[in-house]
Amino acid sequence: MTIYQFLRLFLLWVWLPHLCSPEIMFRRTPEPQRRILDARGPRNEGKILHRQKRGWMWNQFFLLEEYTGSDYQYVGKLHSDQDKGDGSLKYILSGDGAGTLFIIDEKTGDIHATRRIDREEKAFYTLRAQAINRRTLRPVEPESEFVIKIHDINDNEPTFPEEIYTASVPEMSVVGTSVVQVTATDADDPSYGNSARVIYSILQGQPYFSVEPETGIIRTALPNMNRENREQYQVVIQAKDMGGQMGGLSGTTTVNITLTDVNDNPPRFPQNTIHLRVLESSPVGTAVGSVKATDADTGKNAEVEYRIIDGDGTEMFDIITEKDTQEGIITVKKPLDYESRRLYTLKVEAENTHVDPRFYYLGPFKDTTIVKISIEDVDEPPVFSRSSYLFEIHEDIEVGTIIGTVMARDPDSTSSPIRFSLDRHTDLDRIFNIHSGNGSLYTSKPLDRELSQWHNLTVIAAEINNPKETTRVAVFVRILDVNDNAPQFAVFYDTFVCENARPGQLIQTISAVDKDDPLGGQKFFFSLAAINPNFTVQDNEDNTARILTRKNGFNRHEISTYLLPVVISDNDYPIQSSTGTLTIRVCACDSQGNMQSCSAEALLLPAGLSTGALIAILLCIIILLADVRDFIHERLREHDLDPPAPPNDSLATYPYGNDSFGKSLSSLESGTTEGDQNYEYLRKWGPRFDQLAEMNGGGDSDKDC
């Protein structure tokens, strides 16, 4: 046993002398007499039996835990007043740990603990004791129950549930701001002494943090702790029992504390002036460059918004805040021109978007810088004086007339000469041409508005010094109308007059069309070329006219067809007119004026042949040609498959059967016949076949040529 353990046991022994009496004497207690019937027979009838007095009254035994001696630890002594000291009694122990943990001397009643006891494992033990006659084994005292209570000693140090804690607190927090609470537990008996009374103290982490001794709450101990200076702290907390007094046991834990960010730093540009360059040809929206303000804070506390607040380039440039990189991207807002201006100056501001009102006194939370943008020259293509051109010309101008001029210049300082040309894909008919030096457009062919009213051309301007630099412009040419077309009948008219017609009867209404398009619209006049005794024309003054009869009755056998010339004039300058001839057939009509037959039927049928006969002849010809076609195809196939056959350009005969009157069908052979063929039989088919007979049989033959 160490000196420290001995002193601790000694102090407990002094403080609690009544708890560890080595011997408990059992006193008798008087009991009232009872009349008990003797169960053994009549000799006991009527006798008053006296119950024996109980010779012991039980109390508790107390035993200190963690005994470290070499002998068994003495617990106490049981003694009955029936014990005369002659060894006739025997003490028996039963219950929790009897015979193993606790043993009793059956002669003296001394109880011992056989091993060291830990109160944290079991705080008390319940046992039963009895004194019996050693010879008869009969109880001399009733069995009684008693308790051995284990008294606590400070043998457990405080422990924390976690070896390492993680906590955070905002930077710049006021002194006393709560960070986290740590709690240690002690397995010793909290109801007995100070063994389980824990006091907290800080071993590492001062002077930045402190801990409340009773609660274990860790608080800030310094004002204005800045995360940007130091972000991580390691604090070691000790928990000590015995109220923190000397001799108490202790345990420790580590708390890692992080200072979280607050917006206590404004953004700052690293440079007062930033220089950027951009080509003058850069299109609108092109990124010129970027600016960035640094902020010592993190997360949303470091977010900034960029804007252009001043400068001579506010109309030419814009700035966009890139959220991911926290940069300000300067872009082209309007087209640039090196020849007009070569340098712009911008004043750019960066400002925090999330400002904490508690730290306004550290502001302002914004900064500015000057951005100078230089415009760089590039070889630009020519620039036309207009975005498009429109020329209007009359269709009757002479070839070679200039219709208009396009103008272009080189916007560069070198001012290269310009060469003009036409995109021939827009003028496939080559109606126009252009002077390459001055851009004058002129006609190279006559114009006709009625064929094409619009011509959409493209003119190309190229620098002579750098032909690759070209620009295109649209040129729209509108052809204006000139009254150069005479009006004509709108349609072909199939006009007839009834043999029984009366004077003044309407036989046809006519109208006209004109390719021209006068500004005031079309106006036509109708008249006869000469006075006609049979018909007259009446102008309706609405661009139509009526054809009327002038005599009573017509005879189709005398005259079957009349030709009536009608003059149609327009109303534009110069006046244009034409003569259209109406063919009027004389027909037989019923009383209602409906046509029944006309003289045209006689002209269609040849003499001696009826319509049925002609149809029969045509059918025979058609049938013959289907048979001949099959025969020719078969002979052609045989000829193509015959290796020794003559070349394709040689003469090949195709007789139709052995007795064919048609002989050869070859056109080559027909030119070698000695005699002329006779086609006079065609004339017998009627007047319509006379011309065919003349073409084939009339005049000299081809071989006489």
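Residues numbered from 1 in each chain as written. Predicted model: local features only at pLDDT ≥ 70, side-chain atom pairs only at ≥ 80, totals over all residues. Heavy atoms only, no water.

### Description of the overall build of the protein chain
Next, step 1: From N to C terminus, the protein chain includes five helices and 40 strands.
Next, step 2: Of all 705 residues assigned to the protein chain, the portion counted as buried reaches 36%.
Next, step 3: Restricting the contact set of the protein chain to residue pairs at least 6 apart, pairs at least 24 apart contribute 66%.
Next, step 4: Counting every atom, the protein chain has about 42,400 Å² of accessible surface; 52% of that belongs to carbon and sulfur. (Helix = DSSP H or I, 4+ residues; strand = E, 2+ residues; numbered from the N terminus. Buried < 20%, exposed > 50% of the residue type's maximum accessible area, 1.4 Å probe, protein only. Contact = heavy atoms within 4.5 Å. Areas by Shrake-Rupley, 256 points an atom, 1.4 Å probe, with all protein chains shown as cover.)

### What about the nonpolar core?
Next, step 1: Formed by 23 residues in total, the largest nonpolar core has its most connected members in V291, Y306, F317, I330, V371 and I373.
Next, step 2: The greatest single-element share of this core, amounting to four residues, is contributed by strand 21 (residues 343-352).
Next, step 3: Residues contacting V371, with those up to four places away along its chain left out, are I274, L276, V291, I330, Y344, T345, L346 and V348. (Core = buried A, V, L, I, M, F, W, Y, C linked by side-chain atoms within 4.5 Å.)

### Quick word on the confidence of the model for the protein chain
Next, step 1: For the protein chain, per-residue confidence averages 82 on the pLDDT scale, and residues scoring 70 or more make up 77% of the total.
Next, step 2: Contacts from residues 1-58, a stretch scored under 50 in pLDDT, to residues over four places away or in other chains number 84 contacts.
Next, step 3: Considering only residues more than four positions removed or in separate chains, one finds that residues 649-675, a stretch of pLDDT under 50, has 25 contacts. (pLDDT = per-residue confidence, 0-100.)

### A short note on the state of the cysteines
Next, step 1: The full count for this structure, using the stated rule, is two disulfides.
Next, step 2: Each sulfur in the disulfide pair C498 and C589 lies 2.1 Å from the other. Here the disulfide of C498 and C589 is left-handed, its torsion about the S-S bond being about -85 degrees. Of this pair, C498 sits in strand 33 (residues 495-498) while C589 sits in strand 39 (residues 577-589); the two residues are 91 residues apart in sequence, bridging distant segments of the chain. (Disulfide = S-S within 2.5 Å.)

### Considerations on the sheet that holds strand 13 (residues 217-220)
What holds strands together in a sheet is hydrogen bonding between their backbones, with the strands either parallel or antiparallel.
Next, step 1: Pairing within the open sheet is antiparallel, and its three strands lie in the order 10-13-12. Of all strands in the sheet, those with a lone pairing partner are strand 10 (178-181) and strand 12 (209-211), marking the two edges. Averaged over all pairs of adjacent strands, the angle between strand axes in this sheet comes to 25 degrees, irrespective of strand direction.
Next, step 2: Where strand 12 lies against strand 13, three bridges are found, and the strand directions are antiparallel. When the bridges of strand 13 are listed, F209 appears paired with T220. (Pairing = 2+ DSSP bridges. Axes fitted to C-alpha atoms, helices over the stretch in contact; angles between N-to-C directions.)

### Section: the pattern of salt bridges
Side chains bearing opposite charge may pair, as long as their charged atoms lie close to each other.
Next, step 1: For the coordinates displayed, the defined rule picks out 22 salt bridges.
Next, step 2: Where R341 meets D312, a salt bridge forms, and the shortest distance between an N and an O atom there is 2.6 Å. Here the residue R341 occupies a position in the loop between strand 20 (327-332) and strand 21, and D312 occupies one in the loop between strand 18 (304-311) and strand 19 (317-322), the gap between them amounting to 29 residues.
Next, step 3: A relative accessible area of 34% means that R341 is categorised as partly exposed.
Next, step 4: For D312, a relative accessible area of 37% corresponds to the partly exposed category.
Next, step 5: Each of R307, E349, E351 and K366 takes part in a single network of salt bridges with overlapping partners. (Salt bridge = Lys/Arg side-chain N within 4 Å of Asp/Glu carboxyl O.)

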